[in-house]
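Inside the fold
In case you want the letters, here they are:
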Amino acid sequence: MSKSNDNTETTTWTNRRGNEADAVPQRGDRESAPVTFENVRKVYDNRMVAVADFSARIEGGEFITIVGPSGSGKSTLLRMIAGLESISGGDILVGGESVKGVDPQDRGIAMVFQNYALYPHMSVRKNMSYGLKLTSDLDSEEITRRVEATAEMMGIGDYLDQRPGTLSGGQQQRVATGRAIVRDPALFLMDEPLSNLDAKLKIHMRTELQRIQDDLGTTTIYVTHDQHEALTMSDRIIVLDEGELQQFASPSEVYDQPVNRFVADFIGEPSMNFFDVTLDGHRLFAPGFEYSLGPDVAETVRGRQRDEALELGVRPEDISLSERGDITARVEVVENAGSDNYLYLDVGGSECTVRVSGNVDVTRGAELSISFEPDDIHIFDRATGENISPYIDSKAATTRSTTQ
Ligand code: ADP
């Protein structure tokens, strides 16, 4: 009986350490390439700066996501690594070697695109073997073995002789990923590979991709505009805005210790709440409320001018409803999201989102009080956007900002 597309959408890829997977490249077969960016710059048409002096080092075997809004330079960065775009300034080293002057097919890189870029007139088997035939000197028997084992591992073994057009989106995505895997690259580049899948399948594929990457141990650079994808998949995240590196750190660091307002706003859904405030001593003054800083934060901001324009940031989950808090709020909208409710509040004329448990009973128009702990707040310099509050946790942070 042939499997229907729907049933196979959620097929789990066979563990590559299983019996039939011995032709699939194994972790440790080759050294996973570190990737170094040295002041990389990309200027289109002599004026459009798409990537500005980007420097970073990715360790071999890491799963890195590049995240940022549309037009922030993510694809350009990836395409320069792949050799699909020239590098205007600086250099990119893969495995310690500059990619400059190396043909794209000789860079040891396999790329998975958003639209899968499968050849419609070729069978799945041919799609998967074609690149390998062009770029390796493997004999056809070995190529067949690799393709079949990889297809098996990815749950598309039954479709090898079909054309991509007869497969569902999820299966096509597996073919595109399988085609990259058979090439046994030193580096995977993935450009929004899951964005054409529906929400449920996307979640499934995320974990599958992570597991495969973990099994293969191949350095992976994954581009997405979806901050949730970045937070859930990566070892470390590169946050870009307007071609500039904002922060390069682990998901928890980026979330808990955003270096600036851009990162604080972009990472996290719903976004962090922001209030315009001025400082007087250890107190912040916002329209509608005052807030006393904890000793650590007060110490950090002490040198700041009185009445300096700052911004207070608090994440929706760090705000509690309180019986008799100092900050009064009016409920504008109640959004039921199942296990959680999101309350959209008016606090002194500013919008404020609060996440509360789904069984908290609040109605639109209600007046209530909110509170948040001094350790959970962020303070930003309104002029520069820099996060000037200390991170109050024993774990040390390694973050970097673009302004270095
Ligand atoms: P992202 O992947 O983050 O959406 P891109 O790397 O595609 O961003 O684009 C970064 C910037 O460079 C954008 O402003 C975009 O319009 C511009 N750009 C991208 N490709 C070209 C091109 N071939 N010619 C001119 N400008 C381009």
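Residues numbered from 1 in each chain as written. Predicted model: local features only at pLDDT ≥ 70, side-chain atom pairs only at ≥ 80, totals over all residues. Heavy atoms only, no water.

1. Things to note about the pattern of salt bridges
Test applied: We define a salt bridge as a contact between a side-chain nitrogen of Lys or Arg and a carboxyl oxygen of Asp or Glu at a distance within 4 Å. Here a helix means four or more residues in a row that DSSP labels H or I, a strand means two or more in a row labelled E, and each is numbered from the N terminus. When accessible area is computed with a 1.4 Å probe and restricted to protein chains, residues below 20% of their type maximum are described as buried, those above 50% as exposed, and intermediate ones as partly exposed.
Taken as a whole and assessed by the stated rule, the structure comprises 17 salt bridges. With a closest N to O distance of 3.6 Å, K42 and E85 form a salt bridge. One end of the pair, K42, is in strand 1 (residues 35-44); the other, E85, is in the loop between helix 2 (74-82) and strand 4 (89-94), with 43 residues separating them in the sequence. Take K42: its relative accessible area is 4%, and that puts it in the buried class. Classification of E85 as partly exposed rests on a relative accessible area of 21%. The salt bridge partner of E208 is R211, with a shortest N-O separation of 3.5 Å. With a gap of 3 residues between them, E208 and R211 both fall in helix 6 (residues 199-216), about one helical turn apart. Look at E208 and you get buried, because its relative accessible area is 4%. Judged by relative accessible area, which is 37%, R211 ranks as partly exposed. Each of K42, R79 and E85 takes part in salt bridges that share partners, so that together they form one network.

2. Let's talk about the nonpolar core
For soluble globular proteins, nonpolar side chains are generally found buried alongside one another. For the record, the criterion: The nonpolar core is taken to be a set of buried Ala, Val, Leu, Ile, Met, Phe, Trp, Tyr and Cys residues, with the residues joined through side-chain atoms within 4.5 Å. Here, residues are in contact when the closest pair of their heavy atoms is within 4.5 Å.
Core analysis: the biggest nonpolar cluster contains 33 residues, and V124, M128, I156, V175, I181, F188 and Y222 have the highest contact counts within it. Within the residue set of this core, elements represented by two or more residues are strand 6 (109-112), helix 3 (124-135), helix 4 (140-153), helix 5 (169-182), strand 7 (187-191) and helix 6. The residues touching V124, leaving out its near neighbours within four places in the chain, are I156, Y159, L160, Q162, L167 and V175. In terms of nonpolar packing, the next biggest core, distinct from the first, is built from 31 residues, A286, A298, V354 and I388 among them.

3. Side note on the sheet that holds strand 1
Under the convention used in this document: Two strands pair if DSSP finds at least two bridges between them. For helices, the fitted axis covers only the stretch in contact; all axes are lines through C-alpha atoms, and the angles between them, taken along N-to-C directions, range from 0 to 180 degrees.
Taken in spatial order, the 4 strands of this open sheet run 2-1-4-5, and their pairing is antiparallel. Two strands in the sheet have a free side with no partner beyond their single neighbour: strand 2 (48-58) and strand 5 (97-98). For strand 1 and strand 2, the ladder comprises 7 bridges, and the chain directions are antiparallel. Bridge assignment links V43 to a residue of strand 2, and that residue is V49. Each of strand 1, strand 2 and strand 4 is contacted by helix 2, which is oriented at about 115° to strand 1, the strand it contacts most.

4. Notes on the sheet that holds strand 18 (residues 350-357)
As summarised here, the arrangement of the 5 strands in space is 15-19-16-17-18, forming an open sheet in which the pairing is antiparallel. Two strands close off the open sheet at either side, each with one partner strand: strand 15 (319-322) and strand 18. Taking the axes of each pair of neighbouring strands and ignoring which way they run, one obtains an average angle of 50° across the sheet. In this sheet, strand 19 (residues 367-372) lies alongside strand 15 in antiparallel orientation, the contact comprising 4 bridges. Counted as the bridge partner of L321 is I370 from strand 19.

5. Some words on helix 6
What counts, and what does not: Given the number of residues in a helix, its expected span is that number minus one, multiplied by 1.5 Å.
With 18 residues, helix 6 extends 26 Å from end C-alpha to end C-alpha; this agrees with the ideal 26 Å at 1.5 Å per step. Those residues of helix 6 lying buried are L201, K202, H204, M205, R206, E208, L209, I212, Q213, D215 and L216. Positive phi appears at G217, one or two residues downstream of helix 6, with a value of about 70°.

6. Structural notes on the packing of aromatic side chains
Stated precisely, the cut-off is as follows: Centres within 6.5 Å make a pair out of two Phe, Tyr or Trp rings, where for Trp the six-membered ring is used; the pair is then stacked when the planes are under 30 degrees apart, edge-to-face when over 60, and tilted otherwise. Only Lys NZ and Arg CZ are tested; either one counts as a charge over a ring when it is within 6 Å of the ring centre and within 35 degrees of the ring normal.
Throughout the structure, instances matching the rule amount to 7 aromatic pairs. Geometrically, the ring pair formed by F37 and F54 is edge-to-face, given 4.9 Å between the ring centres and 80° between the ring planes. One end of the pair, F37, is in strand 1; the other, F54, is in strand 2, with 17 residues separating them in the sequence. Here F37 falls in the buried class, since its relative accessible area comes to 2%. Here F262 and F266 contribute two aromatic rings whose centre-to-centre distance is 5.6 Å and whose plane-to-plane angle is 10°, an arrangement assigned as stacked. Of this pair, F262 and F266 are both found in helix 9 (residues 261-266), 4 residues apart, which corresponds to roughly one turn of the helix. Stacked on the ring of F274, the Lys or Arg R261 has its end atom at 3.8 Å from the ring centre.

7. Considerations on a nonpolar patch on the surface
The condition that has to hold: Like charges are joined within 9 Å and nonpolar side chains (Val, Leu, Ile, Met, Phe, Trp, Tyr) within 5 Å, but only among residues with over 30% relative accessible area and no salt bridge; these make up the patches. The Shrake-Rupley method, run with a 1.4 Å probe, gives the accessible areas here. Residue values count only the displayed protein chains as cover.
On the surface, a nonpolar cluster with roughly 300 Å² of combined accessible area is contributed by Y119, Y130 and L134. Secondary-structure assignment places Y119 in the loop between strand 6 and helix 3.

8. Quick word on the confidence of the model for the chain
Put simply, the rule reads: What pLDDT expresses is the predictor's confidence in each residue, scored from 0 to 100.
Summing up the model confidence of the chain, the mean pLDDT is 86 and the portion of residues at 70 or higher is 89%. Averaged over each element, pLDDT in the chain is lowest for helix 1 (residues 5-9) (37) and highest for strand 9 (residues 236-241) (98). The low-confidence segment residues 1-22, where pLDDT is below 50, has 54 contacts with residues more than four positions distant or belonging to other chains. Below a pLDDT of 50 lies the segment residues 394-404, which in the model reaches 23 contacts outside its immediate sequence neighbourhood of four places, other chains included.

9. Section: the layout of surface pockets
Applied cut-off: Put plainly, a pocket is an open set of points on a 1 Å grid over the protein atoms alone with protein on both sides within 12 Å along at least five of seven lines, a cavity is a set where a 1.4 Å probe fits but cannot get out, and a lining residue has an atom within 4 Å of a point. Grid points are joined across faces, edges and corners, and a volume is the space filled by probe spheres set on the points. Residues were grouped as follows: Ala, Val, Leu, Ile, Met, Phe, Trp, Tyr, Cys and Pro as nonpolar; Asp, Glu, Lys and Arg as charged; and all remaining residues, including Gly, as polar.
Taken as a whole, the largest pocket holds about 520 Å³ of empty space. For the largest pocket, the lining is made up of 19 residues, of which I109, M111, F113, G131 and R183 are closest to its centre. Looking at the lining of the largest pocket, the elements that each hand over two or more residues are strand 6, helix 3 and helix 5. It is helix 3 that contributes the most residues to the lining of the largest pocket, 5 residues altogether. Here the residues of the lining of the largest pocket are counted per class, giving 13 nonpolar, 4 polar and 2 charged.

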